[in-house]
Amino acid sequence: MQAAHTDVFVIFGITGDLAQKMTFQSLYRLDRRGLLDYPLIGVSNQDITADELMASARSALENLDEDIDEDAFAAFAARWSYISGDVGAPETYERLGKEIRARQRSGSDEVRNALYYLEMPPSLFGPIVEHLGAAGLVGGAHVAVEKPFGHDLASALELNARLRAVIGEDQLLRVDHFLGKEPVIEIEYLRFANRLLSGLWDRDSVTCVQITMAESFGVEDRGRFYDPVGAMRDVVQNHLFQVLALVAMDPPVGGAAHDLQDRKSEVFRSIRPLDPAQCVRGQYDGYQGIDGVAADSDTETYVAMRLEIDNWRWSGVPVFLRAGKSLPETVTEVRLFLRSTPAVPFLPGIETVEPNQIVLRIDKNAGVRLQLTGHDEADQWRPVHLDTLFKQEFGAPQLPYERLLHAALVGDHRLFAREDAVEETWRIVQPLIDAPSAVQPYAQGSWGPASAAELVAGYPAWQDPWV
């Protein structure tokens, strides 16, 4: 990790939904922990005062049932100033530059070491960064942007080129909140710090991998946002692929951010482009009746796919991913199936038992499960579960955005996506974008289209998640 260096933290879109749900709470918690020693500047087009912004922040904390300490909140509110303006107007950046110079710690008239967080639509990433550059506000700065990073390979390449014309890759932080989740980070440590697991984590021991992200709720009031996106773009190309990279990568050679990013990129480079015939797209009944959804929409609310990783560690081990809405449970997990032991005479009936499994539950109530095989007093084989819940072992985790915002402020790039990884993941899914398989209906509360079972034919069936 690099030493703390940020002089000032500027948040574009501070009056938006993300700030209400995540940003204010995460920054307030960092401040209470003594980790937010930075001036904060909010930017938005709403004509309000800094006091009104803090009233909104307090309301957001109360809505999230955050414990508010009056002295702590007063200190938090004192860090803030606010600029109202159009992000497409040069004068907004002139006023921003003056505010930064007034509040930065360096004592210099040159704006350096600012962190800009763009809680804005992706279409504004390029224009905002270009305006910051034209105003001389990006020297030594970092810029954090929220997913999506493009909507296909061509748009991702275009966005990266536009941003890189103003700032370097080492200045850009691509935020994927899954990378801030404690159990996602824990994958590295479980794998590489435990011989029990690391010795089994390859094609010699694993027959296949299943990754599930299930949500029991539907699109609800987000139809206008969701319909142009769909499940694959919303959670698979970003969240689940980042999880897959941590599951499949080789150990990094060092502790620097680029060591970790190199290993993750190697995984993506090894994955073949998707075969649309090996993908199932589904849409839950009633989706087309949601406000903002096209009446003839073929957007998928469920997607399942088979991936192949063509490298030494994983050759011949398929990875099955599925994600969907209006499913029976809300849960995200990774499940590795181990090869069966030999059927020999002194273990009669052993061939009938389920294979050993390693299950990492990311949401909800994160933990790890080892599924072994036991023999009971009734002379029957049955699964035996050894479960560990992280909250019980390690205490309550930080919020994902709490961890990510702190990493951004101190210049730690390990928890952010790199340009080559983003482009490789779009390369992988591009065939499904170009030639999408037909969308299939499924009942709300089911596990998706029945045809998804055909993807795993010859391997263990889709498992009911550990809940």
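Scroll up for the structure.
This is a predicted model, so every value here is computed, not measured. (Residues numbered from 1 in each chain as written. Predicted model: local features only at pLDDT ≥ 70, side-chain atom pairs only at ≥ 80, totals over all residues. Heavy atoms only, no water.)

A. Molecular detail of the packing of helix H10 (residues 230–248) against helix H11 (residues 257–270). Where H10 meets H11, the axes come as close as 9 Å, and the angle between the chain directions of the two elements is 105°. Between H10 and H11, the angle falls in the class roughly perpendicular. Where H10 abuts H11, its residues Phe-241, Gln-242, Ala-245, Leu-246 and Ala-248 lie against Leu-260, Lys-264, Val-267 and Phe-268. Taken together, the residues of the contact of H10 with H11 sort by class into seven nonpolar, one polar and one charged. (Axes fitted to C-alpha atoms, helices over the stretch in contact; angles between N-to-C directions. Helix = DSSP H or I, 4+ residues; strand = E, 2+ residues; numbered from the N terminus. Parallel < 35°, antiparallel > 145°, perpendicular 65-115°, else oblique. Contact = heavy atoms within 4.5 Å. Nonpolar A, V, L, I, M, F, W, Y, C, P; charged D, E, K, R; others polar.)

B. Highlighting unusual backbone geometry. The linkage connecting Lys-147 with the following residue, Pro-148, adopts the cis geometry, with an omega of 5°. Note that Pro-148 resides in the loop between strand S5 (142–146) and helix H6 (153–164). In this structure, the amide linkage connecting Asp-363 to the following residue, Lys-364, adopts the cis form with an omega of -20°. Of note, Asp-65 is a non-glycine position whose phi angle comes to about 60°, a positive value. Relative to the assigned elements, Asp-65 resides in the loop between helix H2 (50–63) and helix H3 (70–78). The exposure class of Asp-65 is exposed, given its relative accessible area of 71%. One non-glycine residue, Ser-326, lies in positive phi territory at about 60°. Relative to the helices and strands, Ser-326 resides in the loop between strand S10 (319–324) and strand S11 (331–338). (Buried < 20%, exposed > 50% of the residue type's maximum accessible area, 1.4 Å probe, protein only.)

C. Expanded view of the state of the cysteines. Tallied over the full model, the rule gives zero disulfides. Here Cys-208 is not disulfide-linked; the sulfur of Cys-279 is the nearest cysteine sulfur, at 17 Å. (Disulfide = S-S within 2.5 Å.)

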